[in-house]
Structure formats: structure tokens, C-alpha cells
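Understanding the architecture of this molecule
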Amino acid sequence: MSGSIGFLEPRADVLSRRKAIVEDLADLLPPDALIAEPRRLVPFETDGFISYRRLPLAVALPRTTAEVAAVMKYCHRYGVPVVPRGAGTSLSGGAIPQEDAVVLCLSAMTRIVELDYANRTATVEAGVTNLAISEAAGPEGYFYAPDPSSQLACTIGGNIGMNSGGAHCLKYGVTTNNLLGVKMVLVDGTVIELGGKALDAPGLDLLGLVCGSEGQLGIVTEATVRLIARPEGARPVLFGFDTSEAAGACVADIIGSGIVPVAIEFMDKPAIEICEAFAHAGYPLDVGALLIVEVEGSEEDMAAMLASIVGIARRHGVKVVRESQSAMEAAAIWKGRKSAFGATGRIADYICMDGTVPLGQLSHVLKRTGEIVEGYGLRVANVFHAGDGNMHPLILYDANDPEDAAKAEAAGMDILRLCVDAGGCLTGEHGVGIEKRDLMRHQYSQADLNQQMAVRAAFDSGWLLNPSKVFPLEGRPRP
Ligand SMILES: Cc1cc2nc3c(=O)[nH]c(=O)nc-3n(C[C@H](O)[C@H](O)[C@H](O)COP(=O)(O)OP(=O)(O)OC[C@H]3O[C@@H](n4cnc5c(N)ncnc54)[C@H](O)[C@@H]3O)c2cc1C
């Protein structure tokens, strides 16, 4: 893709010292923990936002907090930018490197440090995958709630970087609501701990600040997260509607009634067809929009909640109501939803947008989204966390056609502006990265941005940590 998205001018002094920097880093790390040959750097040149690529100066793969601290201390001393990275699944370009940066990849730090069932916490290293936490705690009847669709691959460090969410966050909250503490290495190599196992901590909420800071405040090496006891039962139910607008209005009414299901996921007709063809999940194909609503608890609790939800859905003309009858059916329903991005990738190139709107605006924004994309002569599939108002229009285009790509990018930016104008926000869970960096001006005034950059500078005055991300490149303070 083309467009205004780019990187800061590389630091010439760093590029000119590349060989010496690599040799110095090699002294700080075990032999297999540093990658510098261009061929082996290729897997790190981009992330889930594959439209942009840059080879980094080198990749460090530390295995301990002490090694992370040593790399940071060195890079700080010699003014070398650092791009933190987990699994590199970011969809906003958050982990894309720049050529003068060392990628500090935490994916080798995969130790589950402690499962503390008395306190219902798990302490894990930053490279542990999201799903691995639930798998480790599962035998004792616990799980980690935030469940990004990428949970098989993405790391807890990346989840903290992006304040990630998932289908089941409607009831349990996103990463920030489930994070209790972190061990973090500051830009100068100092190791600090924020939070812990207790519910709250005195003073400023620095943990809240770190969660969603996109690798700009420090390198998280360890996290303590909340474990949740598995409910007695859980059941996804499919609700089919004639139109997206009816489904959107139904979501607003369910939430407005005070009922909190575990999840409310939305798919429009193109998304239903794409996911069904891939996953054979049993989705009805004769509807214009589908909601997957999951309730949990005892049989009586689930029955009562479902009766209320069905009543609301009927008022919006629901056409199909289908309860999953077995664990296998339930798994198929979720497999369909969670593989939506991959299934879409089978039929076309796509960009996945991520904006959030107040629930009362869902119907309007869905309708306008369709109109915007059609206006560019492209197609869109919508599949998203409707209960949170977190929209994910997938704009289908041909990546081999530069004109098509430019149109897709422009349509995506129009949709995000629409979300902001509807009272929402540029991101629900994928972060700002480089993708939405320039649109920050649509959400915030320069005075707001200056305040945010001042907070960032309190952690990293030299702009060494993930420097090309989040804030527009123009109008930054000179380090
Ligand atoms: C198919 C697919 C489905 C997805 N579904 C969802 C979804 O449902 N919900 C959702 O929220 N996201 C989703 N994502 C986006 C992505 O998976 C998340 O943003 C995830 O949290 C990124 O984790 P990661 O380990 O890949 O981090 P990376 O992509 O490597 O990094 C993400 C950001 O965090 C920073 N970072 C990484 N590790 C650290 C660390 N240890 N310390 C400090 N900063 C760090 C990076 O600098 C970067 O800014 C999806 C992505 C894909 C490809």
C-alpha cells in the first residue's frame, strides 16, 4: 500500500556504526540470541499489517530480564532505537521495525513463572502466548479471559502493548481489566515492578498507563494477570436477522436492558458466507446478519438470560434463533468466528480496520461503512465484537493493483473518521501503530497530543522506544 504512512528518518550515526553495534550486542547476549544477517532478518521486517516492510538493524532474542536490561542500557547509551516485539501479529503496524532499530523480540521468554490459585493469578514471562495461560490453568478449572482471535500465537507482552481484547471481553473486560502487575525494563535499562497481586496500588495508575502504550514506555518482561474460574456452563446462540441495521439495533437494546452476556459477536452476509465456507460452523446462509450471543452460568441462569435476549431479538424481527446443542457445535460456532480473518484471506486481500463506536450508533455506522466502501468500488465484510461497539470492517481489494490498494486505504481512513465523528474512537483493540498515527489528529487537538507526548517523554525523552509509532511524525518535540 502507498499513502502517507512512513517512518522517521533513520539516524545516520546509528546506521554508520551498524557493524560495531552488532559486535557489542553479541557480547551482551548468548550466541543464538542475536540475528544480524539480512537473510535471517526477513521474518522480522513486518508484522500482521503486512503492507509495509523494513529490515531492522538487528534482532535481539533475550531469554531473561537481565539480558533485556543489558540491551536497553547499551541502546540508551549509544542512541540506538528499539522496537519491542512479541509474535508480530499487530494489525496496525505496531511491531514493524525501522532500519536503524534493534528489534527486541520477547518471544523466547516463555516461562510460566507461577500459577497462584489461592490469589487467582498467573505470573508469566512476556513471550508466553495468550492461549498458553488458559491451557496451563485449565486443569485446575481456571482461564485467562481476554481472547484475541490470534491467541494461539500472540504474546501477553504484545497484548499489554496493544491492550488487546477479544470475543469474551464483553463480560470480563480487555487486557487492562485483567492485568495486575508487570516487571518492566525502562529505556535506560532500569528494571521496575508495577502493581502486583493485590487489587489496587497507591499512587498514580502507572500500570494502566503502560497497558496500551504500544512499546513506547518500556519493555514488559513479566506480567501478573487475573485467572477466572470456569463457569458451570456456557452456550453460544445464533440470532439471524434480515439486515445489519436490525442486528445492530438489537445489540444496543440487549446492552441497554442491563443484560451482560459473555460475548456478542456480529457478522454481516459476506462475513457469514466467508466463515461458513471455511469452518462449516452451521451458520444460517439465508439471513442478512448474524449475532453470536454467548451466555454462561447454571442451566437456570442461562435459560433466564436467553429468554430475555430472545424477547429483545423478536422485537427486532429476528428470523433465526439457534442454540448450540453440544460442546462440538459450540466449538464449531467459535471456530467460524475466530478464523474470520484467515478465511477472508482465502478469497481476497483485505485490510482490517478497528474502530469503536457507542452502541447506539452501530446501525448508522454499519450503514455508512457499506456506503463508503461501495463509493470506492470495493467490497466489505463486517465481523466484530458488537457488544463492545468494536467494529472490524474487512475491506477487500487486490494488493497487486496499486490503485485498488490506495482506494482500500482511503476507504479505511474514511471509516475511522466516521467512528470518531459518531462519538467513538480510532481503535478498539489493535492500537494506533503506524496505520492510524496521522488520524490521531482527527481524534485529538495538538494540545491533547502535546500532553500525551509529554507523558511519553517522561519515560523516554530521547524517543528511542518504537519511535515512529502512535504520534504523527510532524509536530513532535525534537529529542
Ligand atoms: C488473525 C489475527 C486476529 C487478530 N485478532 C485480534 C483480536 O481478536 N483482538 C485483538 O485485540 N487483536 C487481534 N489481533 C491483533 C494482534 O494479535 C494483537 O494486537 C496482539 O496483542 C499482538 O500481540 P503480539 O505478541 O503479536 O505483539 P506484536 O505484534 O509483536 O507487538 C504489538 C505491540 O506491542 C509492543 N510490544 C510487544 N511486546 C512487548 C513487550 N514485551 N513490552 C512492551 N511492548 C511490547 C510492540 O512494540 C507493538 O507496539 C489479531 C491479529 C491477527 C493477525
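Residues numbered from 1 in each chain as written. Predicted model: local features only at pLDDT ≥ 70, side-chain atom pairs only at ≥ 80, totals over all residues. Heavy atoms only, no water.

This part covers the overall build of the protein chain. When you go through the protein chain residue by residue, the secondary structure sums to 18 helices and 20 strands. Dimensions of the protein chain along its principal axes, counting C-alpha atoms only, are 70 × 55 × 40 Å. Here the protein chain has roughly 19,000 Å² of accessible surface; of this, 53% comes from carbon and sulfur atoms. Distance between charge centroids for the protein chain: 3 Å, based on 41 positive and 58 negative side chains. (Helix = DSSP H or I, 4+ residues; strand = E, 2+ residues; numbered from the N terminus. Areas by Shrake-Rupley, 256 points an atom, 1.4 Å probe, with all protein chains shown as cover. Lys, Arg positive; Asp, Glu negative; His and termini not counted. Charge placed at Lys NZ, Arg CZ, Asp CG, Glu CD.)

Here we take up the side chain of Arg456. Locating Arg456 in the fold gives a position in helix α18 (residues 446-459). When neighbours within four sequence positions are excluded, Arg456 is seen to be in contact with Gln216, Leu217, Trp463, Leu465, Asn466, Pro467 and Phe471. (Contact = heavy atoms within 4.5 Å.)

This part covers the packing of aromatic side chains. Counted according to the given criterion, the structure contains seven aromatic pairs. Positioned above the aromatic ring of Trp463 is the side chain of Arg456, whose terminal nitrogen or guanidinium carbon lies 4.1 Å from the ring centre. (Phe/Tyr/Trp six-rings, centres within 6.5 Å; stacked < 30°, edge-to-face > 60°. Lys NZ or Arg CZ within 6 Å of the ring centre and 35° of its normal.)

This part takes up the site of the ligand. Near the ligand you find 34 residues, and of these Pro84, Gly86, Thr89, Ser150 and Ser164 are the closest. In this structure, Ser90 approaches the ligand through a main-chain N or O atom, which is 2.8 Å from an oxygen atom. At 2.6 Å from an oxygen atom of the ligand is found a side-chain nitrogen or oxygen belonging to Ser164. For the ligand, the accessible surface in isolation is 970 Å², of which the surrounding protein chains cover 93%. Put simply, the parts of the chain that give the shell around the ligand at least two residues each are β3 (82-85), α6 (156-162) and β10 (219-226). At five residues, the largest contribution of residues to the shell around the ligand is made by α6. (Near = heavy atom within 4 Å. Polar contact = N/O pair within 3.5 Å; in protein donor to acceptor, adjacent residues only side chain to side chain.)

This brings us to helix α2 (residues 18-28). Those residues of α2 not exposed but buried are Ile21, Val22 and Leu25. Projected down its long axis, α2 carries its buried residues within an arc of 100°, all on one side. Across from the buried face of α2, at angles greater than 90 degrees, the exposed residues are Lys19 and Asp27. Check the buried side of α2 and you find it contacts α1 (12-16), β1 (34-35), β2 (58-60), α4 (65-77) and β4 (102-105). (Buried < 20%, exposed > 50% of the residue type's maximum accessible area, 1.4 Å probe, protein only. Arc of directions from axis to C-beta.)

On to the packing of helix α11 (residues 269-279) against helix α14 (residues 340-347). The geometry of α11 relative to α14 is characterised by a closest axis approach of 9 Å and an angle of 95° between their N-to-C directions. As far as their axial angle goes, α14 and α11 are roughly perpendicular. Facing Ile274, Cys275, Ala277 and Phe278 of α11, the residues of α14 in contact are Ala340, Ala343, Thr344, Arg346 and Ile347. Looking at side-chain class alone, the contact of α11 with α14 contains seven nonpolar, one polar and one charged residues. (Axes fitted to C-alpha atoms, helices over the stretch in contact; angles between N-to-C directions. Parallel < 35°, antiparallel > 145°, perpendicular 65-115°, else oblique. Nonpolar A, V, L, I, M, F, W, Y, C, P; charged D, E, K, R; others polar.)

Turning our attention to α4. With 13 residues, α4 ought to run about 18 Å at 1.5 Å a step, and its terminal C-alpha atoms sit 18 Å apart, in line with that. Phi turns positive one or two residues past the end of α4, at Gly79, with a value near 65°. (Expected span 1.5 Å × (residues − 1).)

Before going further, it helps to spend a moment on the sheet that holds β1. Strand order in this open sheet of four strands is β1-β2-β4-β3, and the pairing throughout is mixed. Because the sheet does not close on itself, it has two edges, and the strands there are β1 and β3. Bridging between β2 and β4 involves three bridges; their strand directions are parallel. Paired with Ala60 across the bridge in β4 is Leu104. (Pairing = 2+ DSSP bridges.)

Right, let's get into the environment of Phe459. Within the secondary structure layout, Phe459 lies in helix α18. For Phe459 and Gly475, which are 16 residues apart along the polypeptide, the C-alpha to C-alpha distance reads 19 Å. Those residues in contact with Phe459, other than ones at most four positions away along the chain, are Met184, Leu186, Val187, Leu206, Leu209 and Leu217.

The next subject is the UniProt feature "domain: FAD-binding PCMH-type" (unreviewed entry) in the protein chain. Within this numbering scheme, the UniProt entry marks residues 52-230 as carrying the feature "domain: FAD-binding PCMH-type" (unreviewed entry). Along residues 52-230, the helical share is 23% and the strand share 25%, with 40 Å between the first and last C-alpha atoms. (UniProt positions renumbered as here; feature names shortened; annotations may be inferred.)

Relative to each other, helix α15 (residues 362-375) and helix α16 (residues 402-421) sit at 160°, their axes nearing to 10 Å. Between α15 and α16, the angle falls in the class roughly antiparallel. Here the hand of the crossing between α15 and α16 comes out right-handed. For the pair α15 and α16, contact is made by His364, Val365, Arg368, Thr369, Ile372 and Val373 and by Ala411, Asp414, Ile415, Leu418 and Cys419, respectively. (Left-handed = near helix turned anticlockwise from the far one by under 90°.)

For the rest of this paragraph, the subject is the sheet that holds strand β6 (residues 121-125). Taken in spatial order, the five strands make up an open sheet running β5-β6-β10-β8-β9, and their pairing is antiparallel. Edge strands, defined here as strands with exactly one partner in the open sheet, are β5 (112-116) and β9 (191-195). Shown here is a sheet whose adjacent strand axes are inclined to one another by a mean of 10°, direction ignored. Bridge count for strand β8 (residues 179-185) against β9 is five bridges, and the pairing is antiparallel. By the bridge assignment for β9, Met184 is matched with Ile192. Across the face of the sheet, α4 comes into contact with β8, β9 and β10 while running at roughly 50° to β8. Packing of helix α5 (residues 130-137) onto the sheet brings it into contact with β5, β6 and β10, and relative to β5 it is tilted by some 45°.

A few words now on the pairing of strand β13 (residues 263-268). Along β13, six of the six residues are buried, which leaves the element largely enclosed by surrounding structure. Side chains of β13 alternate between two faces, with Ala263, Glu265 and Met267 and Ile264, Phe266 and Asp268 buried alike. Pairing between β13 and strand β14 (residues 289-296): six bridges, direction antiparallel. Looking across to β14, one finds that Glu265 is bridged to Ile292. Here three bridges tie β13 to strand β18 (residues 379-385), and the two strands are oriented antiparallel to one another. Of the residues in β18, the one forming a bridge with Glu265 is His385.

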